[in-house]
Amino acid sequence: MSEGEEPTGIDRLEAVIEINRSLASTLDADALTHRILREAIRIIPAADAGVLLLYEPDRERLVVRHAIGFGPSIYKIELAPGESLTGRAFKERRSVLYQTKEALIPQQDLPPDSHRLLADAAGGVEFPHSALVAPLLTMDRPIGAMIVENFSAPRVFSQFDLRLFEGLAQGAAVAMVNAQLFTSERAARVRLETVNQLVSEQRDQLERRVQVQESLADIVREGLSAHALVARLARLCGVSVFLCDALRTIRTAQPPTDALTLTGIDDEHRDSISAALNEAEMTRSPQRATLGDNVLFVAPIPGGSEILGFLCALFGDSGPDEVHAAAVSSAAHIAATEFVERRAREEGHIRAEADTLELLIQGKAPNALRAPYLLAIGRIHHDIRGEAKVNQRQLRALLACAQREFPDELGAATVRGDHVVLVWAEPRDDVQKRLRITLERFAMLEADWYASFVMSDLIDAVSEFADAFGEARLVAELHRRVGNVQSVCAVRSLGAYRLILRSAGAREVLRLCEDTLGEVRRYDRQRQTAMVKTLRAYLDHGGSTKAAAHALSVHPHTVQYRLGRLEKLSGLRLSVPQERLTLELCLRILDSASLPDDLRLGHRPNTLEGPSA
């Protein structure tokens, strides 16, 4: 055909055959739908617009897949089989030529909403002047339908156009089925490859897991130490590993570290580490802490009802995979054996030390311990101004710090009730200084806890030990009651107050004190006020109203008001030295008298009282 000449029927028929051949080689379903409609309009020159719809069996609807010459609202139209021109061609499986608007209007029975969408897509034109409709048929079923339309003139399509359009539709249907089969097979192949990859990954992971567990099992079979376990785990996971006890003290690490506690490995994220440790201890399950670009994996080491320690590994930002997480958890259970044995030895040692302390209290000197003796009573509490809150784990931490500072010097070191008790035979002169070092080390281990020691006088004979022990316990308890936070206090530094402590058991003295402050104390109880507490703070801070107010977290005017009320109730004035001394003596004696009977001076400690479990 020469350029500029109209194509003959033969030319157009050959074009359809060539188009169908070309479509059969196109395997991309989306590209195919676009090309089918474009070629249909090309071989039907009178066509202004066209729509291709495919059937979705699950929804039982014909859905627009591609359109030419229409606006976007065309894609919102869905047809049931038998509905409108294309729905009827699909259901009846036959092609139809509509020569005029009058012929197609009765057949375009769209619902009102769909009709409005179609008119909007056609630029406001409700009906075309003529149309060609053909189903997309395969050997066993229709898969869709397509239509081309002319909006300008009637009778522009011929029967030959219909036959060409029908032939193109048949070739398009075959091409669509081939493309769908290809897409389905490709998707199946991708799924199979994905499954194979997952199986391969799981197999590799299982092999890794077996290798790791076998390597850790060798530690058990060979009876190697916890240090060897940590080194093996660090090599297997390629990370830093830390083994710490229940006090968060690092027992061993690979590679070695200068940090004393686990929270010390990263000061910037200390709170995150502490939170992960607390959560692991509470839940008895592994936890993770994000430390900047790293992830700390924390596995608790169980020991019956307790958590004896933690095995921790520092991974990169992605954290441990399943194999490494399982390896750390398994290693923690292996470490539990050594920790349980160590705890049993520690318990035995504490009980042996408690027996030694009992002998001394009974006035019996063990063969290895000779006078003079010195003892120290340690206590802990959670808030520097709050009530003491005994915690056995922290008591053991304080005991461990003392044993580390005095490794071969203590005649007895144990936990008794709510206190840590240390005994020296023939002590050195630097005990008080080194007790402060002990407290500093404890503060590094337990940042939220506070500890203090009360030291006895030098005990020249074992027969004096029980009285010295009772006096030191009484002073420690009295300091707790009145909120004294001095880190190391010697009993001898109390001076005249030791006489006050001894007066706390005399009836006449107690009656006098009650007569002086009884009305004030009753007023406090009945009205929930704090005049006695305010007086104590005022005296403890050298008579400074401002300092007392700061200690009590109140305004100085509040302190002045309370003290004024106290003076009215007691009849004594703080501005008069003699009357102020009377108030202070009565307060101190009543503080001492409020202690439990087993702490009073002159009361011999119960020798059946055992160490704290």
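This section reports on the structure supplied with the text. Model, not experiment: these values are computed from the prediction.

## A short note on the pairing of strand E13 (residues 410-416)
Within a regular beta strand, the side chains point alternately toward one face of the sheet and then the other, so they alternate between its two faces.
Alright, step 1. For E13, the buried fraction is high: 7 of the 7 residues fall into the buried class.
Alright, step 2. Of the strand pairs in this sheet, E13 and strand E14 (residues 419-425) are connected by 6 bridges, and their pairing is antiparallel. Considered in E14, the bridge of Ala413 is made with Leu422.
Alright, step 3. Between the end of E13 and the start of E14, which pair antiparallel, lie 2 residues, with Gly417 showing a positive phi angle near 65 degrees.

## Considerations on the sheet that holds strand E9 (residues 287-291)
Alright, step 1. Across the sheet, which stays open at both edges, the 5 strands sit in the order E8-E7-E11-E10-E9 with antiparallel pairing between neighbours. The open sheet has two free edges, formed respectively by strand E8 (250-254) and E9, since each of these has just one partner strand. Geometrically, the sheet is characterised by an average inter-axis angle of 20 degrees between neighbouring strands, direction not taken into account.
Alright, step 2. Here strand E7 (residues 240-245) pairs with strand E11 (residues 306-315) via 6 bridges, running antiparallel. Pairing of Val241 across the sheet is with Ala313, part of E11.
Alright, step 3. The strands touched by helix H7 (residues 226-237) are E7, E8 and E11; relative to E8, the strand with the most contacts, the crossing angle is about 35 degrees.
Alright, step 4. Across the sheet, helix H9 (residues 322-361) touches E7, E8, strand E10 (294-303) and E11, and the angle it forms with E10 is around 45 degrees.

## A word on helix H5 (residues 112-121)
Alright, step 1. Taken together, the buried positions of H5 are occupied by Ser114, His115, Leu118, Ala119 and Ala121. When H5 is viewed along its axis, its buried side chains cluster within an angular range of 160 degrees and face the same direction. Looking at H5, the residues exposed on the side facing more than 90 degrees away from the buried face are Pro112, Asp113, Arg116 and Asp120.
Alright, step 2. Buried residues in H5 make contact with strand E3 (78-79).

Criteria and cut-off values
Residues numbered from 1 in each chain as written. Predicted model: local features only at pLDDT ≥ 70, side-chain atom pairs only at ≥ 80, totals over all residues. Heavy atoms only, no water. Buried < 20%, exposed > 50% of the residue type's maximum accessible area, 1.4 Å probe, protein only. Helix = DSSP H or I, 4+ residues; strand = E, 2+ residues; numbered from the N terminus. Pairing = 2+ DSSP bridges. Axes fitted to C-alpha atoms, helices over the stretch in contact; angles between N-to-C directions. Contact = heavy atoms within 4.5 Å. Arc of directions from axis to C-beta.

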